[in-house]
Amino acid sequence: MKRRGQNALTEQLKYSNRANRKSNPDEKVQTWLNLPRGNKIILPPRFHHENVRCADSLVEYCINEFSEKGQVIFDPFAGYGTTLLIAEEMGRHGYGVEFSKEKANYVQGLLEHPERLIRGDSLKLTEYELPLFALCLTSPPYTNQSDTENPFVDYRQKGFDYSSYLQGMGSIFSQVSQKMKPAGRLVIEASNLKKNGEVTTLAWDIAHEVSKIFHFDGETIICWDEYGYGYNHSYCLVFSKA
């Protein structure tokens with residue numbers, strides 16, 4: 001059987017593929033990290049049943065990587081205040097919004113500047129007086145495709161669906177873009193979810209939705225000693241303002 005020789009096309013493909021494998025020396029190629037889970041602040045017993053806080057180590061890494069001292073950092077899903085508290089520790093100005101009155105009251109008691117945490121609804125973000133921020137860092141409330149509780153109101157309403165969740169995420173981050181400085185960055189920690197043998201591609205769906213608003217710079221896989229949701233890793237989805 002006659003072998004095909006090297007023609008102009010195969011040579012072009014060979015060199016093209018070789019070029020695509022090379023990394024730009026100025027481009028960061030760190031695409032995964034191993035980080036320890038855990039938080040310095042121990043929650044009161046009344047919150048133990050829903051302790052799904054983002055790890056301190058991840059928040060510290062992202063704040064150091066994507067912001068500078070004196071800049072404003074914002075979390076639209078403030079939860080138990082991890083982003084805001086660590087922002088204050090690292091010399092930044094932390095602002096956030098939290099729907100749950102109980103959580104907001106608790107976190108405000110820990111903050112040096114409690115007025116910077118708004119008890120409110122991130123779907124109405126543009127109604128609040130907020131300074132322009134350099135970094136939005138958050139881990140949004142998770143939901144499976146089969147869940148019917150509304151994550152945006154602390155899972156206190158039924159009759160919700162997954163498509164509405166993604167539309168809500170689009171609305172929230174569209175408003176985040178309006179409150180962000182021109183060179184601002186957005187980092188979302190999210191995970192895909194396994195439940196009863198079914199996978200919800202939550203992280204990938206969030207990335208797709210938010211990419212309609214921000215430029216998607218890429219993801220870093222965070223490998224944990226333990227995580228949950230059927231996986232031992234999550235994703236840091238990194239965006240810049242388009």
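An account of the accompanying structure is given in this report. Owing to the predicted nature of the structure, the values given are computational and were not obtained by experimental measurement.

Points about helix α3 (residues 82-89)
Part 1 of the reasoning: The buried fraction of α3 is high, at seven of eight residues.
Part 2 of the reasoning: Here α3 has its buried residues at Thr82, Thr83, Leu84, Leu85, Ile86, Ala87 and Glu88.
Part 3 of the reasoning: At the C-terminal side of α3, glycine 91 shows a positive phi close to 80°.

Comments concerning the pattern of salt bridges
Part 1 of the reasoning: Considering all chains together, one arrives at 11 salt bridges under this definition.
Part 2 of the reasoning: Across the salt bridge formed by glutamate 102 and arginine 46, the nearest N and O atoms sit 3.3 Å from each other. Of this pair, glutamate 102 sits in helix α4 (residues 101-108) while arginine 46 is found in the loop between β1 (32-35) and α2 (56-66), placing the two residues 56 residues apart along the sequence.
Part 3 of the reasoning: Residue classification places arginine 46 among the partly exposed residues on the basis of a relative accessible area of 45%.
Part 4 of the reasoning: Across the pair lysine 103 and glutamate 50 runs a salt bridge, and its minimum N-O distance is 3.6 Å. With a gap of 53 residues between them, lysine 103 in helix α4 and glutamate 50 in the loop between β1 and α2 connect regions that are remote in the sequence.
Part 5 of the reasoning: Here the salt bridges share partners, and the residues they tie into one network are Lys40, Asp56, Glu60 and Glu89.

Concerning the nonpolar core
Part 1 of the reasoning: Judged by nonpolar contacts, the single largest core of 56 residues is most densely connected at Phe74, Tyr165, Phe173, Val176, Leu186, Ile188 and Ile206.
Part 2 of the reasoning: Ranked by the residues each element gives to this core, the list is headed by helix α5 (residues 162-178), at seven residues.
Part 3 of the reasoning: Look past the residues within four positions of phenylalanine 74 in its chain and what remains in contact with it is Tyr95, Gly96, Val97, Leu125, Leu130, Phe133, Leu135, Cys136, Leu137 and Val176.

Observations regarding the side chain of aspartate 205
Part 1 of the reasoning: With respect to the helices and strands, the residue aspartate 205 is situated in helix α6 (residues 202-210).
Part 2 of the reasoning: For the buried aspartate 205, which has no salt bridge, the nearest side chain bearing the opposite charge is lysine 212, at an N-O separation of 10.0 Å.

Remarks on the sheet that holds strand β2 (residues 72-75)
Part 1 of the reasoning: Spatial strand order, β1-β9-β10-β6-β5-β2-β3-β4: eight strands in an open sheet with mixed pairing. Each edge of the open sheet carries a strand with a single partner, namely β1 and β4 (117-119). Strand-to-strand twist across the sheet, computed as the mean angle between neighbouring axes with direction ignored, equals 20°.
Part 2 of the reasoning: For β1 and strand β9 (residues 215-228), the ladder comprises four bridges, and the chain directions are parallel. The residue of β9 that forms the bridge with asparagine 34 is cysteine 223.

Considering unusual backbone geometry
Part 1 of the reasoning: The backbone of tyrosine 155 sits at a positive phi, close to 60°, despite the residue not being glycine.
Part 2 of the reasoning: Residue asparagine 196 is not a glycine yet carries a positive backbone phi of 55°.
Part 3 of the reasoning: Mapping asparagine 196 onto the fold places it in the loop between β7 (193-195) and β8 (198-200).

Parameters at a glance
- Residues numbered from 1 in each chain as written.
- Predicted model: local features only at pLDDT ≥ 70, side-chain atom pairs only at ≥ 80, totals over all residues.
- Heavy atoms only, no water.
- Buried < 20%, exposed > 50% of the residue type's maximum accessible area, 1.4 Å probe, protein only.
- Helix = DSSP H or I, 4+ residues; strand = E, 2+ residues; numbered from the N terminus.
- Salt bridge = Lys/Arg side-chain N within 4 Å of Asp/Glu carboxyl O.
- Core = buried A, V, L, I, M, F, W, Y, C linked by side-chain atoms within 4.5 Å.
- Contact = heavy atoms within 4.5 Å.
- Lys, Arg positive; Asp, Glu negative; His and termini not counted.
- Pairing = 2+ DSSP bridges.
- Axes fitted to C-alpha atoms, helices over the stretch in contact; angles between N-to-C directions.

By themselves, these observations are geometric and do not establish any function.
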